[in-house]
Amino acid sequence: QVQLVESGGGLVQAGAALRLSCAASGRTFSRCAVGWFRQAPGKGREFVAGISWSGGSTYYADSVKERFTISRDNAKNTVYLQMNSLKPEDTAVYYCAARFHYNDYPARPDPYDYWGQGTQVTVSS
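Residues numbered from 1 in each chain as written. Predicted model: local features only at pLDDT ≥ 70, side-chain atom pairs only at ≥ 80, totals over all residues. Heavy atoms only, no water.

Asker: Describe in detail the side chain of Arg 99, supporting the description with residues and values.
Answerer: Along the polypeptide, Arg 99 turns up in strand β9 (residues 92-100). Residue classification places Arg 99 among the buried residues on the basis of a relative accessible area of 12%. Polar side-chain contacts of Arg 99 include one of 2.3 Å to the side chain of Asp 104. Of note is the side chain of Arg 99, whose polar atom sits 3.3 Å from the backbone oxygen of Pro 111. Beyond its immediate sequence surroundings of up to four residues, Arg 99 is in contact with Arg 31, Cys 32, Ala 33, Asp 104, Pro 106, Pro 111, Tyr 112 and Asp 113. (Helix = DSSP H or I, 4+ residues; strand = E, 2+ residues; numbered from the N terminus. Buried < 20%, exposed > 50% of the residue type's maximum accessible area, 1.4 Å probe, protein only. Polar contact = N/O pair within 3.5 Å; in protein donor to acceptor, adjacent residues only side chain to side chain. Contact = heavy atoms within 4.5 Å.)

What follows is the structure, encoded as structure tokens:
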């Protein structure tokens, strides 16, 4: 079993940066691929970024490429999402999700086994 807790969200102005953290409990976290998703009001859950077990492989949605960076520290059971040059359209609740035993990170929510409760990111213009 893996439990995920996101933190680091907040209200910022356009152009600012935030770093989200996803802290995991459970010793199997190092065997979980992790994805960050976001959901804006009235919209579906959108894939943002994914990272493999070791962190050696990452992938980003086109909308965040070159602005966001996903990373992980398995010794700390934590995955990070560094978000730079934030835009109002980045406003959403951000969720991390873990997929046990698989080393890929699908861009759809269904394959993920564990989810956090989400953290709100609001970017004002």
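Asker: Describe the state of the cysteines, and please don't skip the residues or the numbers.
Answerer: Counting across every chain of the model gives 1 disulfide. Through a disulfide, Cys 22 is tied to Cys 96; the S-S separation comes to 2.1 Å. Negative torsions about the S-S bond denote left-handed disulfides, and the value of about 65° found for Cys 22 with Cys 96 makes this one right-handed. Of this pair, Cys 22 sits in strand β3 (residues 18-25) while Cys 96 is found in strand β9, placing the two residues 74 residues apart along the sequence. (Disulfide = S-S within 2.5 Å.)

Asker: Before we move on, could you go through the pattern of salt bridges and cite the residues and values that matter?
Answerer: One pass over the full model with this rule turns up 5 salt bridges. Residues Asp 90 and Arg 38 are paired through a salt bridge, measuring 2.9 Å at the closest nitrogen-oxygen approach. Here the residue Asp 90 occupies a position in the loop between β8 (78-83) and β9, and Arg 38 occupies one in strand β4 (residues 32-39), the gap between them amounting to 52 residues. Of the residues examined, Asp 90 reaches a relative accessible area of 0% and is grouped as buried. Where Arg 67 meets Asp 90, a salt bridge forms, and the shortest distance between an N and an O atom there is 2.8 Å. (Salt bridge = Lys/Arg side-chain N within 4 Å of Asp/Glu carboxyl O.)

Asker: Tell me about the pairing of strand β5 (residues 46-51), residues and numbers included.
Answerer: Burial analysis of β5 places 5 of its 6 residues in the buried class, which makes it a mostly covered element. Of the pairings in the sheet, the one linking β4 to β5 comprises 5 bridges and is antiparallel in character. In the strand pairing of β5, Gly 35 is matched with Gly 50. Counting the residues that bridge the hairpin from β4 to β5 gives 6 residues, and of these Gly 42 lies at a positive phi of roughly 75°. Across 3 bridges, β5 lies against strand β6 (residues 58-60) in antiparallel orientation. Across the sheet, Gly 50 pairs through a bridge with Tyr 59, a residue of β6. Linkage of β5 to β6, two consecutive antiparallel strands, is achieved through a turn of 6 residues, within which Gly 55 is found at a positive phi near 90°. (Pairing = 2+ DSSP bridges.)

Asker: Break down the packing of aromatic side chains for me, citing the residues and quoting the values.
Answerer: Counted under the stated rule, the structure contains 6 aromatic pairs. Both rings, one in Tyr 95 and one in Trp 115, keep their centres 6.4 Å apart while their planes meet at 75°; by these two values the pair is edge-to-face. With a gap of 20 residues between them, Tyr 95 in strand β9 and Trp 115 in strand β10 (residues 114-115) connect regions that are remote in the sequence. Overall, the relative accessible area of 27% leaves Trp 115 in the partly exposed class. Their ring planes at 65° and their centres at 6.0 Å tell us that Tyr 112 and Trp 115 sit as a pair that is edge-to-face. Taking the ring centre of Tyr 95 as reference, the NZ or CZ of Arg 45 above it sits at 3.8 Å. Above the ring of Trp 115, the side-chain terminus of Arg 45 is found at 4.9 Å from the ring centroid. (Phe/Tyr/Trp six-rings, centres within 6.5 Å; stacked < 30°, edge-to-face > 60°. Lys NZ or Arg CZ within 6 Å of the ring centre and 35° of its normal.)

All we've got here are geometric facts, nothing functional implied.
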